[in-house]
Each structure stands twice: as C-alpha cells, then as structure tokens.
Amino acid sequence: MKYLFLVFFLPLSLLAQTPQIDIIPVPVHLQQKEGRFTIQSQTPIQFLAASKELSLAAQFLQKAIHAIAGYALPIQPQYEKKGAAFSSNGKLKNQRIVLRITKDTSIGVEGYHLTVTENQLIIEANTKAGIIFGIQSLLQTLPAIQTNAKLEVPCMQVTDYPRFAWRGMHLDVSRHFFGPDVIKQYLDLLAAYKFNTFHWHLVDDQGWRIEIKKYPALNIIGAWRVDQNHLVWGERPQAKEGEAATYGGYYTQEQIKAIIAYATERNITVVPEIEMPGHVASAIAAYPALSCTQQKQLPLTGGNYTGMSSNYCAGNDSVFHFLEGVLTEVINLFPSKYIHIGGDEVDKSSWKKCAKCQERIRAEKLKDEEELQSYFIKRIERFINSKGRKIIGWDEILEGGLAPDATVMSWRGEAGGIAAAKMKHDVVMTPGNPVYFDHYQGDPASEPIAIGGFNTLKRVYDYEPLPKELTNEEARYVLGAQANLWTEYVTTPKQVQYMVLPRMLALSEVLWSPAENKNWASFNNRLQTHFKSFDQKGLHYSKGNFKVDIKPVLQKGILSATLATEAYQGQIYYTTDGTEPTLQSNLYTNPISIQSSVTVKAVTVVNGERKSMVPAEQKFAMHQAIGKKVNYTNPISRYYMADGPNSLTDGIKGTYAVGQFWHGIAGKDLIATIDLGDVKSIQKLSLGCLQKYADWIMMPEWVRFEVSMDGSNFSAIQTIPNPILQQDKTPTIHDFTASFASMKARFVRVTAKVLQQLPKGHSGEGKPAWIFADEFIVE
C-alpha cells in the first residue's frame, strides 16, 4: 500500500484537522486513524523488567523526549496487563508508552509494529533493533527541537520492516579530519533514517586516523600534514622539507570505543576500513621500509602523487607482520563482523620494478601482478578469518582471483558486484553513479565546488540495488547498498551535512521501503516537513536541484526532447532559439519536437520565482548520420557509454557534464565508422571533443576524417590538428571540423589520436589520457 493514499482512509470531514504523517523511509504499511496521543511530563515508558534490551531502548527514548520537551519521562520497568490499569469502559485511566518484545516472524530482526491510540502508544518488535527503529518513526512525528508545544502523535497503525540488511553510509576522514563530535552527529543522522551500517574510512594516503599503540609513528607522522586547506585539492603542492605539519588528527582508542558505544545504542554497526595494499602513503611516510623503494617521503597534502610511494611492498614479509599488528588492535576495538581492507586503485608499477615482489611471484607460482594482489588479499583474509572476522573490500579485490570468503563492495558501477554475486559471494552495491555523495547534487554553477559527477536527489531515489542481470537466486547475495562521502573537496562539518542532506533520505527509502511503495511525488512532498526540521536544528542541506533535466528522445529517426525538474511544485519555462528563458517564455507541458538544429534552454520556476541560476542548455544537431549504427575499432569504456553504443549519432551534443552523452576511451585512439545506409552527398564532417584537465580528459592530438563507398577502401579527407593547449585547465569543448567540396559516400570514418602522455606537471604525468567524444556530425 503506497503512503500517498493512506490519509484517504479517514472521513473527509477529518482531513482538514488531521496532521500529515511524513515518515521517511515510508513504512511497509501505515494506516492513519482519528485522534492523537499526547505525551506529557508524567507519561510513563513501560516494559517488562526482565529485559535489559528494553531497558536500554527505554533510556534511549527518554533521552530523545528530554531533548525535545525538557523533561524526563518516568521509566517503569514493569506493568500490569489487566485489572486496575483499566477503567470500567475498557479505556486506560492514564496514558502510557509500552515497549514490548514479541515473536512475529513476518517483521524479521529489524521490523516493528507501532500502534498509537488516544490512550497508549505501543512499539513491538522481535529485538531491541526493531524497537529503536520504531522509536525513530515516532520521533519523526514530533517537533525537531525543544518547544513548549504539546507533543502530539497522530493515531495510527504501522507495520514496518526493511527490504535490505545492509543500509550503509560511508565517511572519509582521511582526506579531511572530523572530530568525534562530528562523527556522533553523523551517526544521529544515520539512525534517524534507519541506516544500520557506518563505514568509517580511517586510512588513506593523506592521513592515518586511528591510534595504533604498537606503531606510534602512524599517528605522530602519518596523521599530520602541511595545512593547505585554502587551496583546491588538485592544486595543493607537495610538502617541502622543513614545513610544519599542522593539519590532521586521529581518534584515540578510547574515543573509538565511545563512538562504537554511541553507534550501538542506535543500532548501527561501525565497519572500519584499513586500506591495503594501496592508498597507504600515510603509513609509508611513518615507516618507509613498508614500501618497495623504502625511501623517506613526507605526508601527502592533496592529490599530487608525483614521485610518491603509496603501496605496501607485497614481497616483504615484514609488511604482513606490520599489518597483523595493526589489524589485531583494530579487531580488538571493533566488534563488527566485517573488517574493510580497501584493495582499490593499486598502481602495480612499483611491484613490477621491485625485486622482492618479483621473487614473490616466482616463489608462489603467480602469473602476474594481478595475482600478486590476490595473494596479498588472501593472506590478509586468512589472518582476519583466524580472529573470527570476515573481510570486505572494493571490487578490485576480484582482480587475480577473489579471496574464498570475501564480500565485495562494488563501486566502479555494478559489474564487480554482479560478477561476485554470480560467484556466490555477498555483495554491497555502492556505484559511483548515483551513490557517491561527493558528486554534485545540483547545478554546478550554483553549488559548492565538488569532485565532479552529477548525482541528484531524484537519481538517488530512482536507484535500484538489484541488477537485472542477476537471477532471483543470485540476487540473494546482494546484502544492500550504501552511499560514500569522499572528502577531497569536503573540508568542514557543515559541508559534510550539506553533501548528504537530503540525498541520504532518498537512499534510506531505497534500502528500507518495498520497491512498490516508492513514489517520487509522495517522497518529495514528505521531504518538505524534514526540510523544516533541518532548519530548526540548524543543519546545512541542499534546497534541491533546480537544473532542468533535458532528456532527448530518438525513436525511429524522430528526435524530441522532454524536460523535467526535481523541484517541489516546480514549473519549467524554455526557449528553442538559444535566448535566455523568462516567465514570458514557453511554459513546458509536452515533449518538444526537434526538426532542425536548435539550442534548447530551460529554467525552473517555483511560486513565480526563478530558481535556476543558470539555464539548462542542450544543443541538438540534425544531420545525415542521426540514428545510424556506430562501429568502434577500439571498445568504449563501459564506464562512459553515455546513452548507449550509438550516442555518437543521436543528434545530442555533449555538455560539460562528463557522464552525460560523451563516449569515453582511455589510452587508445577513438576510431569510429558509420554506415549511412545508402550513398549520400556530404560536404562537412565534425567531431566534438572535451578537455577536462583535472579529470585526465584531453583533446586528441589530431582528428582525421575518411570516406568510402564500400566500407573497406577509405580515402582521407582532412586531418585537423588540435588547437587547444595541453596545459589549459579550463574545461573546453571543441568541434574538429572538416569542410570540403560536396562528394558522394556511404561510409564515413573518424580517427581521434589519443594523447599518449599527460603533460609535465599533471598529476598523471607520463600516463595516457582519456578521449571524450560527441557528436559525430555528417552534413
């Protein structure tokens, strides 16, 4: 039953006086009834005295009500079910709150029943976890902050339980450090929306954030760096000898114990991530002997890795002894079933040049460095398993062979998760699109600087964690999903809040609520109440994505455009002549037919006020190759397929959004051939390309156009050199265009020559670039 329709169970005469119930995530079943339950200063919280779990839950509720009302509800560890507690008409003489453990297999381990009448409020569950989640639903019906208003709860009947077992949020505290109080605030947000897993990214190149008593240099050296927070992450130079390392910090083991206890009270499991074998420049700065080169280095300040070692030496047994010492302390601190060991983005070039690593490959009869990484992970897994725990790692741990009992966290899309599930390994889905919350959530023109991407609130809400490629049996291995907040561009606690709010609410509904209960309009409506709560609490959050989504539609060679806005009660005004839209422009009501080359611009308007700072813009190019099949000599990256294999000829020109419309290919020439279907007269060929220096996307060195009548014998038309400087860091779109006397051809081919070595001073200096191309226009 969808929440959107629940209020209609009430008589129409009561609708005007009945408060709307705006619980997020939407419950499995909610029926609102007439009346209210009023919480007063002497309303008791009752439960069976024998239950320690219920006692803890009662204390949690008591503290929550105290924060809102300023008084502590009395806790009564035992109560009578019948007799004196009832009046002659069967109603309670006094109101009460009852917490009760039940045995109901239909709601599982974390589900609950919430029954609210005018005289009593009952929360029933099989476990304390369910009771706590029921309390969270109750709290969402109350004021957000201390108030003199009555605490009134609408009468209702709720049955609720989660869809997925793993409902996670991640926070990177290495790139930028956030103290214990910030972590507890983050946990409060997770708990409020029924997340049950906090993935704590404690170790990375730019900072070691956990106290390890056996290896004090990890905190004395590895936790600190030169403060360059005034510079954008990618522009921070490496530290120089003698510069003071004043930025950083770490969590003492006592602080970690307190945070774990705080999380446990809220039914949240804390999963620590201790990166290996890569992303460990902070450890190598503290103990240089852990690397292949064993050379001293200063802690990294940002994203410049030139000349830095960031991998453990896989051929050095002392590395494994070191990690066993670290992990022993980690396991003694964290009671979680899983220990996250990273495993991502290992640059194996140092292993290829390391004598010890090569000897390890020979001694263990390994095929290559990929299998050396697998050896590393499997050896660590054996140690962690010996301590009664399991490993979880990023999807690169699949490379070279997956460890026997490993769980895979799939971040490079869902392919890694799909592969692992088919191998009968548990999986947590966390694809960059759409659950990397360090990506922009609104128009970059009006948002704080972010690392890139474009993961809006609605894109998060529309996410489905179960891939269609999996059978029902294979889908059982998908434990759930989580969102990741990497903090290269997130430097303050306020920005942490801003990047997760309100997107984490959308994800909570994805992971908790039945798929059939999800409804974007209902969610957006309920969200407005939570915005008021954020305002009352002083939380920083995104007011929404006001950028109009211009969606091209190509069907049977006919091109049109649909426009959409995520804004609550938003309207769209647009133009098709490239001019700035105003409230006097066209009001969007139906798809726009595209019959010629045009530029569509559109803005969102709410209550008569323009909300889009910059209009959304999309150029459409009508030409002779629209809808024609594209054959690539070198395959396009599976991460940058745009809208499919023929995006190069869909009439839609790429914008500055990297993931939209562009086809991307790394380290190889882009060679595309198009069959026009029959012989055409052509006189102009053009290929659009993108340069985004910071993202390793560079213009090709040159672009060559060729034509053919038979698809085998091609004649060169022109080769156009690249006019854009390699050092130009400003995002640029350039059309490589060849104009010539009209000629006949059926086939056309374009070759874009990749830049084989990124320029000097680039963070990827000497490595091959990416080519991003769109559209291939034939006129």
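In short, a report on the structure.

With respect to the overall build of the protein
Here is step 1: Of regular secondary structure, the protein possesses 18 helices and 34 strands.
Here is step 2: Expected size for 779 residues packed as a compact globule is a radius of gyration near 28 Å; at 29 Å, the protein falls within 12% of this value.
Here is step 3: Here the C-alpha coordinates of the protein stretch approximately 100 × 70 × 50 Å along the principal axes.
Here is step 4: Each of the 779 residues in the protein was classed as buried or not, and the buried ones make up 56%.
Here is step 5: Considering only residue pairs separated by 6 or more positions, the protein has 71% of its internal contacts joining residues 24 or more positions apart.
Here is step 6: Total accessible area on the protein is roughly 32,300 Å²; 50% of this is exposed by carbon and sulfur atoms.
Here is step 7: Computed over 80 positive and 76 negative side-chain charges, the inter-centroid distance for the protein is 4 Å.

Let's talk about the packing of aromatic side chains
Here is step 1: A complete count under the given rule lists 27 aromatic pairs for this structure.
Here is step 2: Through successive ring pairs, a cluster of aromatic residues spans Phe177, Tyr186, Phe198, Trp200, Tyr251 and Phe334.
Here is step 3: Across the ring face of Phe546, the terminal group of Lys611 is positioned such that the distance to the ring centre comes to 6.0 Å.

What about the nonpolar core?
Here is step 1: Of all hydrophobic cores here, the largest spans 118 residues; its most connected members are Trp200, Ile210 and Tyr312.
Here is step 2: The leading source of residues in this core is helix H8 (residues 317–333), at nine residues.
Here is step 3: Leave out the neighbours within four places in its chain, and Trp200 touches Leu171, Val173, Ile183, Tyr251, Ile256, Ile259, Val270, Val271, Pro272, Glu273 and Phe334.
Here is step 4: Core analysis: the next-biggest nonpolar cluster, separate from the first, contains 37 residues, Leu61, Ala64, Leu114 and Leu121 among them.

Observations regarding the sheet that holds strand E3 (residues 75–76)
Working definition: the strands of a sheet are paired by backbone hydrogen bonds and lie parallel or antiparallel to each other.
Here is step 1: Ordered in space as E1-E7-E5-E6-E4-E2-E3, the seven strands form an open sheet in which the pairing is mixed. In this open sheet, the two strands that pair with only one neighbour each are strand E1 (29–39) and E3.

A few points about the pairing of strand E33 (residues 732–752)
Here is step 1: Relative to E33, strand E30 (residues 670–691) runs antiparallel, the two sharing 17 bridges. Following the sheet pairing, Thr673 is matched in E33 by Arg749.
Here is step 2: Bridge analysis of strand E31 (residues 702–708) against E33 gives six bridges, and the strand direction is antiparallel. Looking at E33, one finds that Glu706 is bridged to Arg749.

Considerations on the sheet that holds strand E14 (residues 269–276)
Here is step 1: The parallel closed barrel is built from eight strands, whose spatial order is E8-E9-E14-E15-E16-E17-E18-E19. Adjacent strand axes in the sheet meet at a mean angle of 30 degrees when their direction is disregarded.
Here is step 2: Pairing geometry for strand E8 (residues 166–172) and strand E19 (residues 478–483), over four bridges, is parallel. The residue bridging Arg167 from the neighbouring strand is Ala481, located in E19.
Here is step 3: Docked against the sheet, helix H4 (residues 180–192) engages E8 and strand E9 (197–201), running at close to 150 degrees with respect to E9.

Some words on the side chain of His170
Here is step 1: Its location among the elements puts His170 in strand E8.
Here is step 2: Look at His170 and you get buried, because its relative accessible area is 0%.
Here is step 3: Of the polar contacts made by the side chain of His170, one reaches the backbone nitrogen of Leu485; its length is 3.1 Å.
Here is step 4: Setting aside its immediate chain neighbours within four residues, His170 contacts Tyr186, His199, His201, Trp394, Gln482, Ala483, Asn484, Leu485 and Trp486.

Looking at helix H6 (residues 253–265)
Here is step 1: Here H6 is 13 residues long and its end C-alpha atoms lie 19 Å apart, about the 18 Å a rise of 1.5 Å per residue gives.
Here is step 2: Gln253, Ile256, Ile259, Ile260 and Ala263 are the residues of H6 that are buried. Along H6, the residues classed as buried sweep out an arc of 115 degrees about the axis, all on the same side.
Here is step 3: Where H6 is buried, its residues meet H4, E9, E14 and H8.
Here is step 4: A positive phi of about 60 degrees marks Asn267, the residue just after H6.

Observations concerning unusual backbone geometry
Here is step 1: Each neighbour pair has its own omega, and for Met276 with Pro277 the value is -10 degrees, a cis peptide bond.
Here is step 2: Structurally, the position occupied by Pro277 is in the loop between E14 and helix H7 (281–286).
Here is step 3: With omega at 20 degrees, the peptide bond leading from Asn433 into Pro434 counts as cis.
Here is step 4: Relative to the elements of secondary structure, Pro434 occurs in helix H13 (residues 432–435).

Conventions we followed
- Residues numbered from 1 in each chain as written.
- Predicted model: local features only at pLDDT ≥ 70, side-chain atom pairs only at ≥ 80, totals over all residues.
- Heavy atoms only, no water.
- Helix = DSSP H or I, 4+ residues; strand = E, 2+ residues; numbered from the N terminus.
- Rg over C-alpha atoms; globule rule 2.2 N^0.38 Å.
- Buried < 20%, exposed > 50% of the residue type's maximum accessible area, 1.4 Å probe, protein only.
- Contact = heavy atoms within 4.5 Å.
- Areas by Shrake-Rupley, 256 points an atom, 1.4 Å probe, with all protein chains shown as cover.
- Lys, Arg positive; Asp, Glu negative; His and termini not counted.
- Charge placed at Lys NZ, Arg CZ, Asp CG, Glu CD.
- Phe/Tyr/Trp six-rings, centres within 6.5 Å; stacked < 30°, edge-to-face > 60°.
- Lys NZ or Arg CZ within 6 Å of the ring centre and 35° of its normal.
- Core = buried A, V, L, I, M, F, W, Y, C linked by side-chain atoms within 4.5 Å.
- Pairing = 2+ DSSP bridges.
- Axes fitted to C-alpha atoms, helices over the stretch in contact; angles between N-to-C directions.
- Polar contact = N/O pair within 3.5 Å; in protein donor to acceptor, adjacent residues only side chain to side chain.
- Expected span 1.5 Å × (residues − 1).
- Arc of directions from axis to C-beta.

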